Amino acid sequence: MHIYRFRNQTEYTEHVSNQQMKLQERFLFLAQLEKENANKSFEYEAFSITADRKVRLRVDWAHSTGGHINWRERLICPDTNLNNRQRAGYHLFLSELHPYEQDKVYITEQASPFFDFLKKKVVSLTGSEFISVNSAPGAITSAGLRHEDFTNLSFKDNSLDKIISFDCLEHIPNYEAAIRESYRALKPGGRALFSFPFSANDTSTLVRAKVEENGQITHITEPEYHGDPLSSDGCLSYYTFGWDILDTFSLAGFKDVYAAVYWSDIFGYLGNEQIVFVAKK
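Residues numbered from 1 in each chain as written. Predicted model: local features only at pLDDT ≥ 70, side-chain atom pairs only at ≥ 80, totals over all residues. Heavy atoms only, no water.

**What to know about the pattern of salt bridges**
Next up, step 1: As enumerated under the stated definition, the model contains 16 salt bridges in all.
Next up, step 2: Asp79 is the salt-bridge partner of Arg53, the closest N and O atoms lying 2.7 Å from each other. With Arg53 in strand β3 (residues 53–59) and Asp79 in the loop between β3 and α3 (84–97), the pair connects residues that are 26 residues apart, well separated along the chain.
Next up, step 3: The partly exposed category is assigned to Asp79, whose relative accessible area is 42%.
Next up, step 4: For the salt bridge of Arg208 with Glu224, the shortest nitrogen-to-oxygen distance reads 3.6 Å. Residue Arg208 is located in the loop between β8 (206–207) and β9 (209–211), and its partner Glu224 is located in the loop between β10 (217–219) and β11 (225–228); the two are separated by 16 residues in the primary sequence.
Next up, step 5: Among the charged side chains, a salt-bridge network with shared partners connects Arg72, Glu73, Arg85 and Asp167. (Salt bridge = Lys/Arg side-chain N within 4 Å of Asp/Glu carboxyl O. Helix = DSSP H or I, 4+ residues; strand = E, 2+ residues; numbered from the N terminus. Buried < 20%, exposed > 50% of the residue type's maximum accessible area, 1.4 Å probe, protein only.)

If you want it as structure tokens, here you go:
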């Protein structure tokens, strides 16, 4: 798998400039797949890291926009039922966080296929959902779901080895507090892996909505809602992050923060190059 690591926007911009021919080749490759399979389901053969074997990944046009396949959310493994970003998330968990068998790992999801998969791989794994503002940190519902507020975690200082948070930070108005909590709960040398909506061309984070002092929400851009496993209403996205998010991690105390950019036809990580963030305490 091609993984490039960047610690600032300038490094990333130089990467894009140097990779123009390769990026164009990938674009044409995907365009041809879309043309050959216009508005119909098909399969793409690749090695699934979650199945540990070569499989025929399922592709369809669900969640497509602008006449293009939503590659990030498709390419589903028939063995584990995990899509492109979820399979890559596990791949990057292994390659960037370097987990040990005894590590204590916290992930900010629980009612998800990815949590169910990871539970089989990680001996000491804790997952959670945000249940309600009235729930106590660490409380368990009758359905077995653990409540955690990412801005006020129940974990003790320096108690976790790894934290994984996929597509969660953008739904937290005070995301800076969530990053500080990650730093507090991690052991020295601990690592965190994040994904969230990110605009690689923008230095500054776009504020899409904000919560006023009276609790009302003011929408600054067209409201954007993402899937919520606990509600059919979806979950409001408050931000599309820019490169200044690296500074937020650094200000929280993390000593090394970088963007990991990846793509692979062999593993079926197709679409545009995807970006996740790694922070080391």
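The rest of the description comes next.
**Notes on the environment of Phe150**
Next up, step 1: Counting through the fold element by element, Phe150 comes out in the loop between β5 (124–127) and β6 (160–166).
Next up, step 2: Classification of Phe150 by relative accessible area gives buried; the value is 5%.
Next up, step 3: Along the sequence, Phe150 and Ser165 sit 15 residues apart, while their C-alpha atoms lie 9.8 Å from each other.
Next up, step 4: The contact partners of Phe150, leaving out residues within four places of it in the chain, are Thr108, Ile163, Ser165, Cys168, Leu169, Ile172, Ala177, Ala178, Glu181, Ser182 and Phe194. (Contact = heavy atoms within 4.5 Å.)

**With respect to the sheet that holds strand β14 (residues 256–264)**
Next up, step 1: With respect to topology, 7 strands assemble into an open sheet ordered β1-β14-β15-β7-β6-β4-β5, the strand pairing being mixed. On the outer flanks of this sheet lie β1 (2–6) and β5, each paired with one strand and no other. With strand direction ignored, the average angle separating the axes of adjacent strands in the sheet is 20°.
Next up, step 2: Here 3 bridges tie strand β4 (residues 104–107) to β6, and the two strands are oriented parallel to one another. The residue bridging Tyr106 from the neighbouring strand is Ile163, located in β6.
Next up, step 3: Relative to strand β15 (residues 269–280), α3 is tilted by about 40°, and along the sheet it contacts β1, β4, β6, β7 (186–195), β14 and β15. (Pairing = 2+ DSSP bridges. Axes fitted to C-alpha atoms, helices over the stretch in contact; angles between N-to-C directions.)

**Structural notes on helix α6 (residues 245–252)**
Next up, step 1: Within α6 the residues assigned to the buried category are Ile245, Leu246, Thr248, Phe249 and Ala252. For α6, the buried positions fall inside an angular range of 160° around the axis, keeping them on one side.
Next up, step 2: One or two residues past the end of α6 sits Gly253, with phi positive at roughly 120°. (Arc of directions from axis to C-beta.)

**A closer look at the pairing of β7**
Next up, step 1: Buried residues dominate β7, accounting for 7 of its 10 residues.
Next up, step 2: After leaving β6, the chain enters helix α5 (residues 175–185) and then returns to the sheet as β7, a path that is right-handed.
Next up, step 3: Judged from the 4 bridges that link them, β7 and β15 form a sheet pairing that is antiparallel. Among the inter-strand pairings, Ala192 is bridged to a residue of β15, identified as Ala279. (Right-handed = clockwise from strand over helix to strand, strands pointing away.)

**Describing the packing of α5 against α6**
Next up, step 1: Across the interface, α5 lies against α6 with an axial gap of 9 Å and an inter-helix angle of 45°. Between α5 and α6, the crossing angle belongs to the class labelled oblique. The handedness of the crossing between α5 and α6 comes out as right-handed. Together, Tyr175, Glu176, Ile179, Arg180 and Tyr183 of α5 and Ile245, Thr248, Phe249 and Ala252 of α6 make up the contact between the two elements.
Next up, step 2: Of the residues assigned to the contact of α5 with α6, the class counts are 6 nonpolar, 1 polar and 2 charged. (Parallel < 35°, antiparallel > 145°, perpendicular 65-115°, else oblique. Left-handed = near helix turned anticlockwise from the far one by under 90°. Nonpolar A, V, L, I, M, F, W, Y, C, P; charged D, E, K, R; others polar.)

**Focus on unusual backbone geometry**
Next up, step 1: One non-glycine residue, Asp52, lies in the positive phi region at around 60°.
Next up, step 2: Within the secondary structure layout, Asp52 lies in the loop between β2 (42–48) and β3.
Next up, step 3: Judged by relative accessible area, Asp52 falls into the exposed class, the value being 58%.
Next up, step 4: Located in the positive-phi region is Asn158, a residue other than glycine, with phi close to 55°.
Next up, step 5: You can see Asn158 is positioned in the loop between β5 and β6.

Nothing here speaks to function; it is geometry throughout.
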